[in-house]
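Structural overview for review
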Amino acid sequence: MKLSLYEVARVVKAKNDVTVFEDKVFKKAEFDSRLIEDGDLFLPLKGVRDGHDFISTAFEKGAAATLSEKSLSDVPYILVDDVLAAMQYLAHYYLEKMAVDVFAVTGSNGKTTTKDMLAHLLSSRFKTYKTQGNYNNEIGLPYTILHMPEGTEKLVLEMGQDHLGDIHLLSMLARPKVGIVTLVGEAHLEFFKNRSEIAQGKLQIADGMAKGGLLLVPTDAIIEEYLPQDQEVIRFGQGGDLYLRELVEEKESLHFSWNEMENVITLPVTGKYNATNAMLAAYVAKKEGISDEEIVAAFLQLRLTRNRTEWKKAQNGADLLSDVYNANPTAMRLILETFSSIPANPGGRKLAVLADMKELGEESFAMHAAVINTLDPECISQLFLYGKDMAALYNQAKERFAPEALHYFVKDEEKDEFEELCALVAETLHPKDQVLLKGSNSMNLALLVERLENGR
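Turning our eyes to something else, we now look at the overall build of the chain. Across its full length, the chain carries 14 helices and 21 strands. Expected size for 456 residues packed as a compact globule is a radius of gyration near 23 Å; at 24 Å, the chain falls within 12% of this value. Per-residue burial for the chain yields a buried fraction of 57% across its 456 residues. Put simply, of all contacts in the chain between residues at least 6 apart along the chain, 63% involve residues at least 24 apart. Carbon and sulfur atoms make up 47% of the accessible area of the chain, which totals about 19,400 Å². Computed over 49 positive and 69 negative side-chain charges, the separation of the two mean positions in the chain equals 3 Å.

Residue position: H368 is located in helix 11 (residues 364–369). Here the side chain of H368 touches M357 through a polar contact of 2.9 Å, landing on its backbone nitrogen. Looking at H368, its side chain comes within polar contact range of the main-chain oxygen of S364, at 2.8 Å. Those residues in contact with H368 that lie beyond four places of it in its chain are D356, M357, L360, D389, M390, A392 and L393.

Strand order in the open sheet formed by six strands is 16-17-21-18-19-20, with mixed pairing between adjacent strands. The open sheet has two edge strands with one neighbour each: strand 16 (310–313) and strand 20 (406–409). For this sheet, the mean inter-axis angle between neighbouring strands, taken without regard to orientation, is 20 degrees. As judged from the five bridges shared by strand 18 (residues 350–355) and strand 19 (residues 382–386), these two strands associate in the parallel manner. Within strand 19, the residue paired with L351 across the bridge is Q382. Relative to strand 21 (residues 434–438), helix 10 (residues 329–341) is tilted by about 175 degrees, and along the sheet it contacts strand 16, strand 17 (319–323), strand 18 and strand 21. Helix 13 (residues 418–428) rests against strand 18, strand 19 and strand 20 of the sheet, and its axis sits at about 165 degrees to strand 19.

Tracing the backbone shows K358 in the loop between strand 18 and helix 11. Residues K358 and H120, spaced 238 residues apart in sequence, show a C-alpha to C-alpha distance of 30 Å. In contact with K358, other than residues within four places in its own chain, are A327, S440, S442 and M443.

Right, let's talk about the pattern of salt bridges for a bit. Two side chains bearing opposite charge may form a pair once their charged atoms approach each other closely. With the rule as written, the count across this model stands at 29 salt bridges. The partner of K115 in a salt bridge is E158, with the nearest N and O atoms 4.0 Å apart. Of the two residues, K115 sits in helix 4 (residues 111–122) while E158 sits in strand 9 (residues 154–158), which places them 43 residues apart along the sequence. You can call K115 buried: its relative accessible area is 1%.

Before going further, it helps to spend a moment on the sheet that holds strand 7 (residues 101–106). Read across the sheet, six strands follow the order 8-9-7-10-11-12 without closing on themselves; strand pairing throughout is parallel. Strands at the two margins of the open sheet, each flanked by one partner only, are strand 8 (128–130) and strand 12 (232–236). Direction aside, the axes of adjacent strands within the sheet are offset by 15 degrees on average.

Next up on the list: the pairing of strand 9. Of all five residues that make up strand 9, five are buried, and the element is covered over most of its length. Neither face of strand 9 is exposed, since K154, V156 and E158 on one face and L155 and L157 on the opposite face are all buried. Of the strand pairs in this sheet, strand 7 and strand 9 are connected by five bridges, and their pairing is parallel. Each residue of the ladder has a partner; that of V105, found in strand 9, is E158. Where strand 8 meets strand 9, three bridges bridge the pair, whose relative direction is parallel.

What follows concerns the packing of aromatic side chains. Tallying each qualifying case throughout the model produces seven aromatic pairs. Between W258 and Y283, the ring centres sit 6.5 Å apart and the planes meet at 70 degrees, which makes this aromatic pair edge-to-face. Taken together, the residues span a long stretch of sequence, with W258 in strand 14 (residues 254–258) and Y283 in helix 8 (residues 273–287) at a distance of 25 residues. The pair W258 / Y283 is uniform in exposure class, with both members buried. The structure contains a cluster of three or more aromatic residues connected by ring pairs, namely F31, Y135 and Y143. One residue, K154, lies across the ring of F126, its end atom 4.5 Å from the ring centre.

Phi is mostly negative for residues that are not glycine, and the peptide bonds are mostly trans. Here the phi dihedral of R175 falls at roughly 50 degrees; this positive angle occurs in a residue that is not glycine. Tracing the chain through its elements places R175 in the loop between helix 6 (166–174) and strand 10 (178–181). Taking relative accessible area as the criterion, R175 reaches 42% and is therefore assigned partly exposed. The backbone of N444 sits at a positive phi, close to 70 degrees, despite the residue not being glycine. Mapping N444 onto the fold places it in the loop between strand 21 and helix 14 (445–454). Residue classification places N444 among the partly exposed positions, given a relative accessible area of 37%.

What follows deals with the layout of surface pockets. The calculated volume of the second largest pocket comes to roughly 640 Å³. Elements supplying a minimum of two residues to the lining of the second largest pocket: strand 13 (244–249), helix 8 and helix 10. Of the residues that constitute the lining of the second largest pocket, the class distribution is eleven nonpolar, ten polar and six charged.

V8, L41, I78, I145 and L155 are the most contacted members of the largest nonpolar core, which totals 58 residues. Among the elements that line this core, the one with the most residues is helix 3 (residues 83–98), at eight residues. Residues within four places of I78 in sequence aside, it is in contact with L5, V8, A9, V12, A14, N16, V18, T66, L67 and S68. Counting residues in each nonpolar core, the second largest holds 39 residues, with L216, L242, A275 and L304 among its members.

About the cut-offs
Residues numbered from 1 in each chain as written. Predicted model: local features only at pLDDT ≥ 70, side-chain atom pairs only at ≥ 80, totals over all residues. Heavy atoms only, no water. Helix = DSSP H or I, 4+ residues; strand = E, 2+ residues; numbered from the N terminus. Rg over C-alpha atoms; globule rule 2.2 N^0.38 Å. Buried < 20%, exposed > 50% of the residue type's maximum accessible area, 1.4 Å probe, protein only. Contact = heavy atoms within 4.5 Å. Areas by Shrake-Rupley, 256 points an atom, 1.4 Å probe, with all protein chains shown as cover. Lys, Arg positive; Asp, Glu negative; His and termini not counted. Charge placed at Lys NZ, Arg CZ, Asp CG, Glu CD. Polar contact = N/O pair within 3.5 Å; in protein donor to acceptor, adjacent residues only side chain to side chain. Pairing = 2+ DSSP bridges. Axes fitted to C-alpha atoms, helices over the stretch in contact; angles between N-to-C directions. Salt bridge = Lys/Arg side-chain N within 4 Å of Asp/Glu carboxyl O. Phe/Tyr/Trp six-rings, centres within 6.5 Å; stacked < 30°, edge-to-face > 60°. Lys NZ or Arg CZ within 6 Å of the ring centre and 35° of its normal. 1 Å grid on protein atoms, 1.4 Å probe; cavity = no way out; pocket = protein on both sides within 12 Å on 5 of 7 lines; lining within 4 Å. Points joined across faces, edges and corners; volume = space filled by probe spheres on them. Nonpolar A, V, L, I, M, F, W, Y, C, P; charged D, E, K, R; others polar. Core = buried A, V, L, I, M, F, W, Y, C linked by side-chain atoms within 4.5 Å.

Set out below in structure tokens:
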């Protein structure tokens, strides 16, 4: 991190006299005491547990100093009113000090993949760092900034939102050079009035951008009233400034061209929506001076975050299409369209295991029921539904699927039939089959994927 105790104290406006302590340069900052190593700065955040309860543990593990909202004795500390606010302010300062170009990505679907793709392309020429895992909120984003390797030139940050105003905070903190909104869907409707308010929140990605910054947004009409007037806005999609031309989708790859590049791009991933994500990443990379040839070559070596539309192998030889990290109605529809369009293995069937999509609010049952419009019994031979809200889809599916092809498993406050689900999927799956697994992370389908891989 290359920041000293005195420098940090000055930046966060310490309320105590830190000159009584030795001025040490910190190696890194951690809010989890278990990750503390010699020379680190401890950030005792308040969550389920108050981080202040672990200050002594942090020093036992080698912390050089800690932020604190309480006066301490016998240890070097920096007294502040709010540790999280201090952490965020410190991250903002560190970005300005390091003079790093920031690229911010948000969207109801595709933000992690687009972030990974853009970082991958930029790293072909620049020292690049990106959001790790799902560290995309008011804690994870400043943590990512403070963990940039020395010499980082380009920083690709994912920005998530659970409530209106979340992305405004993150954008003001990170001050992006470029902003990308991949999609305005129905994610987190439990916390928003409607999709228009979700659009309003997503467009706050521009709030911290300098005048004339580059903002990429879909042609979706719902965002019109929230478009900034002082940014270079590029629209993508049908009728937009950027659009796909030819697209060929195969089981484990995509081939496509788009209007700003003559070369055909090949991606070693499936899902036609990933062509749009790749187009956005390629456009920004071109703006940063990376050549078409470099982009084409880099995409061939692409590796995405695990469990994002990833083909795996069951122990019995069946193909598993794992997309179990998160789910919303748009993402569910897109992956079902992709799975349905991929040719079946010779002599094999297509199976789908779908679990609840979380945080959809009052419209959850209706949105689960609407998934029936993307399910074709002629294509999906066996359908497994798991979760309380999937009961709505089950009721719809009973009118289309034969009883022997439809299976429903409960998960509610009183009962959880996860083990029964795992057992029947394993029993039903043949070596030449393909099976799609899709649901919100909390539904634990990743464990089912793991069991199928290991044959247990």
